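# Report on the structure
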Amino acid sequence: MKLPPITKTYGSRGVLDLPALELEDGVIHAVIGANGSGKSTLARILAGVLVPDGGAVPRTGRVGYMPQRSYPFRMSVLRNLRLTGAGRDRAMAQLEAFGLAGLARQNAKGLSGGEAARLALARLLMEEYSLLILDEPTAAMDVAATLLAEELLLQYQARTGCTVILVTHSLTQARRLAGQVLFLRDGHLAERGEAGELLRHPRCAETRAFLDFYAL
Ligand SMILES: Nc1ncnc2c1ncn2[C@@H]1O[C@H](COP(=O)(O)OP(=O)(O)O)[C@@H](O)[C@H]1O
Ligand SMILES: [Mg+2]
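For the structure given in this document, a descriptive report is provided here.

### Focus: the overall build of the protein chain
- Counting its secondary structure elements, the protein chain contains eight helices and 10 strands.
- Relative to its length of 216 residues, the protein chain is compact, with a C-alpha radius of gyration of 18 Å against a globular reference of 17 Å.
- With the C-alpha coordinates of the protein chain rotated into their principal frame, the extents come out at 50 × 40 × 30 Å.
- The buried share among the 216 residues of the protein chain stands at 39%.
- Of the contacts made within the protein chain by residues no fewer than 6 positions apart, 65% connect residues no fewer than 24 positions apart.

### Remarks on unusual backbone geometry
- At glutamate 136, a residue that is not glycine, the phi angle is positive and equals roughly 50 degrees.
- Secondary-structure assignment places glutamate 136 in the loop between strand S7 (131-135) and helix H5 (143-160).
- Glutamate 136 sits in the buried class, given 22 other C-beta atoms within 10 Å.
- Backbone geometry at aspartate 186 places phi at a positive 50 degrees, although glycine is not the residue there.
- Looking at the secondary structure, you find aspartate 186 in the loop between strand S9 (180-185) and strand S10 (188-194).

### Let's talk about the site of ligand 1
- All residues adjacent to ligand 1 are Tyr10, Val15, Gly33, Asn35, Gly36, Ser37, Gly38, Lys39, Ser40 and Thr41.
- At three residues, the largest contribution of residues to the shell around ligand 1 is made by helix H1 (residues 39-47).
- When its residues are assigned to classes, the shell around ligand 1 shows two nonpolar, seven polar and one charged.

### A word on the sheet that holds strand S8 (residues 163-167)
- Taken in spatial order, the six strands line up as S6-S7-S8-S5-S9-S10 in an open sheet, and their pairing is mixed. The sheet is open, and its two edges are formed by strand S6 (63-66) and S10, each paired on a single side. Pairs of neighbouring strands in the sheet enclose a mean axial angle of 15 degrees, with direction left out of account.
- Relative to S8, S7 is paired through five bridges, and the arrangement is parallel. By the bridge assignment for S8, leucine 131 is matched with threonine 163.

The rules we used
- Along each chain, residues carry numbers from 1 onward, in the same order as the chain's sequence is written.
- Chain labels run from A onward and ligand labels from 1 onward, assigned in the order the entries are written.
- Per-residue local features of the predicted model are confined to residues with pLDDT of at least 70, and side-chain atom pairs are confined, for both listing and counting, to 80 or more; whole-chain, interface and lining totals are unaffected and use all residues.
- In DSSP terms, a helix is any run of H or I states spanning at least four residues, a strand is any run of E spanning at least two, and both are numbered starting from the N terminus.
- Here the globule rule reads 2.2 Å times residues to the power 0.38, and the radius of gyration is calculated from C-alpha atoms.
- With C-beta atoms placed from the backbone, the exposure class of a residue follows from how many other C-beta atoms lie within 10 Å of its own: 20 or more, buried; 12 or fewer, exposed; in between, partly exposed.
- Residues are treated as contacting if the C-beta atoms built from their backbones sit within 7 Å of each other.
- Here, nearness is defined through the C-beta atom: a residue counts as near a molecule or strand if that backbone-placed atom lies within 6 Å of it.
- Residues are grouped as follows: nonpolar covers Ala, Val, Leu, Ile, Met, Phe, Trp, Tyr, Cys and Pro; charged covers Asp, Glu, Lys and Arg; every other residue, Gly included, is treated as polar.
- Here, strands pair whenever DSSP counts at least two bridges between them.
- An axis is simply a line fitted to the C-alpha atoms; with a helix, the fit covers only the stretch in contact. Between two such axes, the angle follows the N-to-C directions and lies from 0 to 180 degrees.

Purely geometric numbers; function is a separate question.
Have a look at this one:
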């Protein structure tokens, strides 16, 4: 999937300035970088909820998007899933898979942050997309929930063959899941490459400093 160059300016401040990128079909691309480096801005632009300077990025298929903060609807956890049009059995099976079956009848407004994130991912993965964009999906999850979500994401990706943009703070998560890594710094693409290679032998000094900090 070919992306055009993307820039985004707020007032006089440029927050994103990326060259034309090619995403590899069927590959998980981890987008990493410090706070404020433009990761969520990129995710929102690709999801079509934010218009970049030059006009919206053309869509090439169905796009699924999990924002950095996702809020469930004020209704039961099960009904939140059934909003996708799924029948009761299929929705319950999905809750089961995500470890949420025990909460099916609870009002989703009362979920913890990690549970709400699991519900958002469970709901999103009920449907099929050609591009799936996840903005720090596991940031609020504990270790067990994170590993479960990662496993379910890998299964989903293998089943559907979709291309994934995974914004993450976790380099270990990038190493576990991603085929490609895009490293953003101050709205620019500092480095991009195959995940194993980039995380082991970063070429640029900023990436190296970031990796050193996390002792990888
Ligand atoms: N609506 C906005 N108005 C002004 N600045 C914004 C707006 N949204 C984001 N920014 C700025 O753009 C930069 C990139 O933000 P963001 O993409 O959310 O970073 P990240 O997700 O990498 O932490 C930040 O410095 C942020 O303050
Ligand atoms: Mg962000």
